[in-house]
Amino acid sequence: MRNLLKLTAVLLFVVAATAGTQAQKFGHIDLQGLIQVMPERATAEKELSTFQKELEDVLEEMQNNLNTAMGEFEQLGADASEIKRNAKVSEIQDMQQRIQNYTQTAQGQIQQKNGELFKPIMDKAQNAIGEVAKEKGLLYVFEVNSLLYKSNESVDVLPLVKAKLGIQ
């Protein structure tokens, strides 16, 4: 009787562990694929492109001014005084330094603007993924582009998340 009781306890434990393992569900999603089909992405990309164009226009104007100053330096000729030549060289060096500083600042501004524009899109996507995962009882949702192996039992949540976001 005692052995039967032990056997029953072990059997119940194995059944409970197996049932717990079967209840674990995993999902996967192509996050970049989702972001690409979100309508907000196109708007953000357009706004970022406009911002970059404005920065490039300023840089182009600065470069044109530098080219003009360099042309003026070349036209000074041999009879120009040393003071005039040094002043022009100093002006050109200052312009080059301003262009270099502006380029570095512009790159930082572009990165910041990119973050400002795409963070809400990423947050929206992650929230929708979280909601779908909860609805489907998933423990984890993995990004498909960084998986080494994907089981056929893993749930592809991309169509579900697109439906949740109202994307065709």
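These numbers come from a predicted model, not from an experiment.

Trainee: Describe a nonpolar patch on the surface, listing the residues and the values that go with them.
Mentor: On the surface, a cluster of nonpolar side chains totalling about 390 Å² of accessible area is made up of Phe-26, Leu-139, Tyr-140 and Phe-142. Owing to a relative accessible area of 49%, Leu-139 belongs among the partly exposed residues under this scheme.

Trainee: An account of the packing of helix H4 (residues 82–136) against helix H5 (residues 158–165) is requested, with residue identities and associated values reported.
Mentor: Put simply, H4 and H5 touch, their axes get as near as 9 Å, and they point 115 degrees apart. Classified by the interaxial angle, the pair formed by H4 and H5 is roughly perpendicular. Crossing of H4 over H5 shows right-handed handedness. Of the residues in H5, those in contact with Lys-124, Ala-128, Ile-129, Glu-131, Val-132, Glu-135 and Lys-136 of H4 are Leu-160, Val-161, Lys-164 and Leu-165. Residue classes in the contact of H4 with H5 are distributed as six nonpolar, no polar and five charged.

Trainee: For the sheet that holds strand S3 (residues 155–156), give the residues involved together with the corresponding values.
Mentor: Strand order in the open sheet formed by three strands is S2-S1-S3, with parallel pairing between adjacent strands. On the outer flanks of this sheet lie strand S2 (140–143) and S3, each paired with one strand and no other. Here four bridges tie strand S1 (residues 26–29) to S2, and the two strands are oriented parallel to one another. Of the residues in S2, the one forming a bridge with Ile-29 is Glu-143.

What counts, and where the lines are drawn
- Residues numbered from 1 in each chain as written.
- Predicted model: local features only at pLDDT ≥ 70, side-chain atom pairs only at ≥ 80, totals over all residues.
- Heavy atoms only, no water.
- Patch = residues over 30% accessible without salt bridge, like charges linked within 9 Å, V, L, I, M, F, W, Y side chains within 5 Å.
- Areas by Shrake-Rupley, 256 points an atom, 1.4 Å probe, with all protein chains shown as cover.
- Salt bridge = Lys/Arg side-chain N within 4 Å of Asp/Glu carboxyl O.
- Buried < 20%, exposed > 50% of the residue type's maximum accessible area, 1.4 Å probe, protein only.
- Axes fitted to C-alpha atoms, helices over the stretch in contact; angles between N-to-C directions.
- Helix = DSSP H or I, 4+ residues; strand = E, 2+ residues; numbered from the N terminus.
- Parallel < 35°, antiparallel > 145°, perpendicular 65-115°, else oblique.
- Left-handed = near helix turned anticlockwise from the far one by under 90°.
- Contact = heavy atoms within 4.5 Å.
- Nonpolar A, V, L, I, M, F, W, Y, C, P; charged D, E, K, R; others polar.
- Pairing = 2+ DSSP bridges.

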